[in-house]
Amino acid sequence: MAARGADVNPFSYTEETLEEIAGALSHERLHPYLDAAGGDRERALRLYLWNTAVSAAFIESRI
């Protein structure tokens, strides 16, 4: 039996969504992730979200 929601890719964005998210972030914030992702905006956002989750985990562990 497949895991619940296993066929859903949470990182699949439309071009419109990618544009909106990238527009909401400053160039300075997103640029390092775009560099690391070789200019791939979707991959850069995946890295950004991963970094946010890891950072939040460290903050929560200190509370």
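Look up: the structure comes first, before these words.
All of the points below concern the structure found in this document. (Residues numbered from 1 in each chain as written. Predicted model: local features only at pLDDT ≥ 70, side-chain atom pairs only at ≥ 80, totals over all residues. Heavy atoms only, no water.)

1. So, the environment of Tyr 13
Thought 1: Structurally, Tyr 13 can be placed in the segment before helix H1 (15–24).
Thought 2: When the C-alpha positions of Tyr 13 and Glu 42 are compared, they lie 7.3 Å apart, and in sequence the two are 29 residues distant.
Thought 3: Setting aside residues no more than four positions away along its own chain, Tyr 13 makes contact with Leu 18, Ile 21, Glu 42 and Leu 49. (Helix = DSSP H or I, 4+ residues; strand = E, 2+ residues; numbered from the N terminus. Contact = heavy atoms within 4.5 Å.)

2. Notes on the environment of Pro 32
Thought 1: Summarising the element assignment, Pro 32 is placed in helix H2 (residues 27–36).
Thought 2: Placed 16 residues apart in sequence, Pro 32 and Tyr 48 show a C-alpha to C-alpha distance of 9.3 Å.

3. Structural notes on the packing of aromatic side chains
Thought 1: Using the criterion set out here, one finds one aromatic pair in the structure.
Thought 2: Between the aromatic rings of Tyr 33 and Tyr 48, the centroid separation amounts to 5.4 Å while the plane-to-plane angle is 90°, which identifies the pairing as edge-to-face. One end of the pair, Tyr 33, is in helix H2; the other, Tyr 48, is in helix H3 (residues 41–62), and 15 residues separate them in sequence. No difference in accessibility class separates Tyr 33 from Tyr 48, as the two residues are buried. (Phe/Tyr/Trp six-rings, centres within 6.5 Å; stacked < 30°, edge-to-face > 60°. Buried < 20%, exposed > 50% of the residue type's maximum accessible area, 1.4 Å probe, protein only.)

Note that every value here comes from positions in space, so none of it alone points to a role or purpose.
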